[in-house]
Amino acid sequence: MVDANENGSAERVDIIVVGAGFGGMYAVYKFREMGKNVVGIEAGSDVGGVWYWNRYPGARCDLMSVDYSYGFSPEIEQEWTWSEQFAAQPEILEYANFVADRLDLRKNFRFDTRVTSAIWDEERKLWVAKTDGGAVLEAPYAIMSTGPLSIPKDPDIPGIDRFKGELYRAQKWPHHEVDFTGKRVGVIGTGSTGIQIIQEVGPQAGELFVFQRTPSFTLPMRNRDLSPEYVAEMKKHYRQMRAAMKMNPTGGTRPVTSRPFYSLPPDQREEAMEQAWQNGGHTFLGTFADLMVNEEANEAVADFVRGKIGEIVDDPKTAEALKPRGYPIFARRPCLDTEYYETYNRPNVHLINCKEDPILEITEKGIRTESGEHELDMLIFATGYDALTGALLAFDVVGRDGLTLKEKWKDGPRSHLGIAMAGFPNLFATTGPNGPAALANIITISENDVDWIADLITYMEDKNLSAVEPTQEVEDAWMDHVAALAAPSLIRKANTWWVGANVKGKPTGLTMFVGGFAKYREACEAVAASKYADYSFD
Ligand code: N01
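The following refers to the structure shown. Quantities reported herein were computed from a predicted structural model and do not represent experimental measurements.

## Some details on empty space enclosed by the protein
Counted under the stated rule, the structure contains 5 cavities of 30 Å³ or more. Reported here for the largest cavity is a volume of approximately 70 Å³. Met144, Leu392, Trp409, Ser415, Gly418, Ile419, Ala420, Met421, Leu427, Phe428, Ala429 and Pro433 together form the lining of the largest cavity. Ranked by the residues each element gives to the lining of the largest cavity, the list is headed by strand S21 (residues 424-429), at 3 residues. Here the residues of the lining of the largest cavity sort into 10 nonpolar, 2 polar and no charged. Estimated volume of the second largest cavity: approximately 50 Å³. Forming the walls of the second largest cavity are Met144, Thr146, Gly147, Pro148, Leu388, Leu392, Ala429, Thr430, Thr431, Gly432 and Pro433. A per-class count over the lining of the second largest cavity returns 6 nonpolar, 5 polar and no charged.

## Focus: unusual backbone geometry
A positive phi angle, near 55 degrees, is found at aspartate 401, a position not held by glycine. Mapped onto the elements of the fold, aspartate 401 is located in the loop between strand S19 (396-398) and helix H13 (405-408). With a relative accessible area of 77%, aspartate 401 lands in the exposed category. Notably, asparagine 464 is not glycine yet its phi reads approximately 60 degrees, a positive angle. In this fold, asparagine 464 is placed in the loop between helix H14 (442-462) and strand S22 (468-470).

## Looking at the packing of H14 against helix H16 (residues 517-529)
At a minimum axis distance of 11 Å, the contact between H14 and H16 shows a crossing angle of 5 degrees. Comparing the axis directions of H14 and H16 gives the class roughly parallel. Packed against H14, whose contacting residues are Thr444, Ile445, Asn448, Asp449 and Trp452, the element H16 presents Phe517, Tyr520, Arg521, Cys524, Val527 and Ala528 at the interface. Per-class residue counts for the contact of H14 with H16 are 7 nonpolar, 2 polar and 2 charged.

## Things to note about the environment of proline 470
With respect to the helices and strands, proline 470 occurs in strand S22. Assessed through its relative accessible area of 2%, proline 470 is described here as buried. Placed 53 residues apart in sequence, proline 470 and leucine 417 show a C-alpha to C-alpha distance of 9.9 Å. Here proline 470 is in contact with His416, Ala420, Met421, Ala422, Asp534 and Tyr535, once residues within four sequence places are set aside.

## Observations regarding helix H4 (residues 89-102)
With 14 residues, H4 should cover 20 Å at 1.5 Å per step; its first-to-last C-alpha distance of 20 Å lies within 8% of that length. When H4 is considered as a whole, its buried residues turn out to be Gln89, Glu91, Ile92, Leu93, Tyr95, Ala96, Asn97, Val99 and Ala100. The inward-facing, buried residues of H4 abut helix H1 (22-33), helix H2 (50-53) and helix H3 (74-79). Phi turns positive, to about 50 degrees, at aspartate 104, one or two residues after H4.

## Regarding the pattern of salt bridges
For the structure shown, the criterion picks out 38 salt bridges. With a shortest N-O distance of 2.7 Å, glutamate 475 and lysine 408 are connected by a salt bridge. Here the residue glutamate 475 occupies a position in helix H15 (residues 472-486), and lysine 408 occupies one in helix H13, the gap between them amounting to 67 residues. Residue classification places lysine 408 among the buried residues on the basis of a relative accessible area of 15%. One continuous salt-bridge network, built from bridges that share partners, spans Glu122, Lys125, Arg400, Glu469 and Asp538.

## Some words on the site of the ligand
The environment of the ligand is made up of 24 residues, and the closest members are Asp62, Thr193, Arg213, Thr214 and Trp497. Here threonine 214 contributes a side-chain N or O atom positioned 2.5 Å from an oxygen atom of the ligand. Alanine 382 places a main-chain nitrogen or oxygen 3.4 Å from an oxygen atom of the ligand. Relative to its unbound accessible surface of 910 Å², the ligand loses 88% to contact with the protein. Sort the elements by how many residues they give to the shell around the ligand and helix H5 (residues 192-201) lands first, with 3 residues. Classifying every residue of the shell around the ligand gives 9 nonpolar, 9 polar and 6 charged.

Calculation notes
- Residues numbered from 1 in each chain as written.
- Predicted model: local features only at pLDDT ≥ 70, side-chain atom pairs only at ≥ 80, totals over all residues.
- Heavy atoms only, no water.
- 1 Å grid on protein atoms, 1.4 Å probe; cavity = no way out; pocket = protein on both sides within 12 Å on 5 of 7 lines; lining within 4 Å.
- Points joined across faces, edges and corners; volume = space filled by probe spheres on them.
- Helix = DSSP H or I, 4+ residues; strand = E, 2+ residues; numbered from the N terminus.
- Nonpolar A, V, L, I, M, F, W, Y, C, P; charged D, E, K, R; others polar.
- Buried < 20%, exposed > 50% of the residue type's maximum accessible area, 1.4 Å probe, protein only.
- Axes fitted to C-alpha atoms, helices over the stretch in contact; angles between N-to-C directions.
- Parallel < 35°, antiparallel > 145°, perpendicular 65-115°, else oblique.
- Contact = heavy atoms within 4.5 Å.
- Expected span 1.5 Å × (residues − 1).
- Salt bridge = Lys/Arg side-chain N within 4 Å of Asp/Glu carboxyl O.
- Near = heavy atom within 4 Å.
- Polar contact = N/O pair within 3.5 Å; in protein donor to acceptor, adjacent residues only side chain to side chain.
- Areas by Shrake-Rupley, 256 points an atom, 1.4 Å probe, with all protein chains shown as cover.

What follows is the structure in structure tokens.
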């Protein structure tokens, strides 16, 4: 590991990378392979990003392991063996550590360090980054691999500091084991995180109280162990699979279809939905093509899933409260579970429907809702993130002519491809908020973005150029394209982090590219093929 300079004198490097998640790890590797002096800065004590922080019970990826892994190294693909179809957090973190060891990445990272500002020096064509440890780094290029889900958000409930029991945040889970045996545990939040915690903690806790404001749709994950025979096949065919992933809208291997819902007669639709439910995972989205644009088709699938909830949950009142209504299915990130709904059939698990019985405050002893106080020994927040833009707006980023990122993004994030921005020369983001970001496989996007940035830097070096940024026109054109694709999407009809609606005062809107990974990659490639015709260089 490199030591930070603590005396404040600037240290000159070639490239600064912020973040040691999958994006930042690959960026550091790629640029180092290009012979660059690259320094990575990471707030956590080690690699892994969101998988470093999210150690909560039940944490698991809802993309298959074959998809949710790096494709850039055929050697690592052969050396690493996944044990489950959907890997759990400890295994994913182990994988990140394996990659870091194998590629000796840690020597380029400064851990336990936060960037506090990044300012463009126009005269010297350098980014000047300061850290909370007092270090000053200067580099011609800065890469923000800060991740879409890295700034945890507490619930807006009075009294958080008053609680005298044990308080846990899913997104900053302690490194030690937490024993729920015999404890009265409360969980606030029923998104992907809350669902994973509830199904895991329900059987362990003395009593579990779930404070649900908005129910999520969740589908059976149907996870399984991977047999040695399958793993051998997977390893043999990785190359073809990676090639297919690049052509896939999800950036993964999930099948896609062009079949609209109403192209099938009712009995065959029903059969297809039953099949999708039985298959598990996100099969529904590969079964019908128009679920995100046809409201009636969407409602039919939502109704089918609500029917399943009614079949699984014994108590009719609880079942009714768990059935999501008033927003389209898949407009909120679809969750995958293992016996989540079944958890509510346990006598020790209680659902508090905060739509009918709102939370008033957190007290010393627990949570007070309109109906009374619920005493708790432990309280868990699974209340999400200031997502997509939060991490980049958490510190001062200042571009050309003193333009701040906060000012540029005051009405929502704007960039070209989610990667580069007019007014911010030589600053790049991976999995930025105007690319597919949270809507496709984040590792595939990260690799695409890092490779694209690396090609651009190589182009500049070949031509002896020192600064680059997209023109305002091409950025505006991209944002118009993003908005046009977003306009018919049902994603806009739910109040979620996808549209910024979970954070008070944040500009709302669907700013991610909904056209799918394959089209996004093509757009990136077209820019490179044009020799960056719509970029301006110094
Ligand atoms: O966060 P969320 P998350 N009172 O924003 C509730 C990824 N992920 O951490 O909707 C009561 O989805 C809030 O209620 P409401 C995945 O991309 C992936 O769960 O605002 N409730 C909501 O229920 C996911 O989408 C995996 O009414 C309050 C919840 O908190 C993303 O991370 C696993 C409240 C927040 O849900 C974020 O998921 C985990 C309040 N005051 C996460 N404030 C997998 O790969 C908030 N809530 C499987």
